[in-house]
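Structural features, examined
Chain residues, written in single-letter form:
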Amino acid sequence: MAKMKGAIVVDTERCKGCQLCIIACPQNVIALANKVNLHGYPYVEAANEEACVGCASCGIVCPDGCITVYRKRMEE
């Protein structure tokens with residue numbers, strides 16, 4: 001059976017740091033960055049990228065649609 005590898009891309013300028021995606025992520029991939037965007041909000045980033053399975057839970061709960069999720073089938 002093939003394993004799914006995921007990746008997320010966060011639009012940091014639109015992110016308001018609500019942290020709903022951090023709570024929703026079952027793999028603990030996302031964390032709050034120690035930086036702020038141009039609007040003064042702290043934003044989220046993929047802190048543990050290799051653990052992402054592409055479940056898209058983060059993208060679904062994001063109220064501003066800041067997260068794009070990609071999935072790729074990895075052959076074993």
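Look above for the structure.
Attention in this report is confined to the structure presented alongside it. (Residues numbered from 1 in each chain as written. Predicted model: local features only at pLDDT ≥ 70, side-chain atom pairs only at ≥ 80, totals over all residues. Heavy atoms only, no water.)

Moving on, we come to the overall build of the protein. Within the protein one finds two helices and four strands. Shown N-terminal to C-terminal, the secondary structure of the protein runs as helices and strands in the order β-α-β-β-α-β. Relative to its length of 76 residues, the protein is compact, with a C-alpha radius of gyration of 13 Å against a globular reference of 11 Å. Seen through its principal axes, the protein has C-alpha atoms that stretch 45 × 20 × 20 Å. The 76 residues of the protein split such that 28% are buried. At a minimum sequence separation of 6, the contacts of the protein that also span at least 24 residues come to 60%. Split by element, the accessible area of the protein, about 5,100 Å² in all, is 53% carbon and sulfur. Across the protein, 8 positive and 8 negative side-chain charges occur, with their mean positions spaced 4 Å apart. (Helix = DSSP H or I, 4+ residues; strand = E, 2+ residues; numbered from the N terminus. Rg over C-alpha atoms; globule rule 2.2 N^0.38 Å. Buried < 20%, exposed > 50% of the residue type's maximum accessible area, 1.4 Å probe, protein only. Contact = heavy atoms within 4.5 Å. Areas by Shrake-Rupley, 256 points an atom, 1.4 Å probe, with all protein chains shown as cover. Lys, Arg positive; Asp, Glu negative; His and termini not counted. Charge placed at Lys NZ, Arg CZ, Asp CG, Glu CD.)

Phi is positive for Asn28, which is not a glycine, with a value near 55 degrees. Mapped onto the elements, Asn28 comes out in the loop between α1 (20-24) and β2 (30-36). With relative accessibility at 59%, the residue Asn28 sits in the exposed group. Positive phi outside glycine occurs at Ala56, with the angle close to 70 degrees. Along the polypeptide, Ala56 turns up in the loop between β3 (42-46) and α2 (57-61).

Our focus in this paragraph is a nonpolar patch on the surface. Residues Leu20, Ile23, Ile60 and Val61 make up a contiguous nonpolar surface patch of about 410 Å² in total accessible area. Among the elements of the structure, α1 and α2 are those that each provide at least two residues to the nonpolar patch. The residue Leu20 is located in helix α1 in this model. In this structure Leu20 comes out as partly exposed when scored by relative accessible area, which is 40%. (Patch = residues over 30% accessible without salt bridge, like charges linked within 9 Å, V, L, I, M, F, W, Y side chains within 5 Å. Salt bridge = Lys/Arg side-chain N within 4 Å of Asp/Glu carboxyl O.)

On to the nonpolar core, then. Judged by nonpolar contacts, the single largest core of 16 residues is most densely connected at Ile8, Ile30 and Ile67. Of all the secondary-structure elements, those providing two or more residues to this core are β1 (3-10), β2 and β3. At three residues, the largest contribution of residues to this core is made by β3. Every residue in contact with Ile8, bar those within four places of it in the chain, is listed here: Ile30, Ala46, Cys52, Cys58, Ile67, Thr68 and Val69. (Core = buried A, V, L, I, M, F, W, Y, C linked by side-chain atoms within 4.5 Å.)

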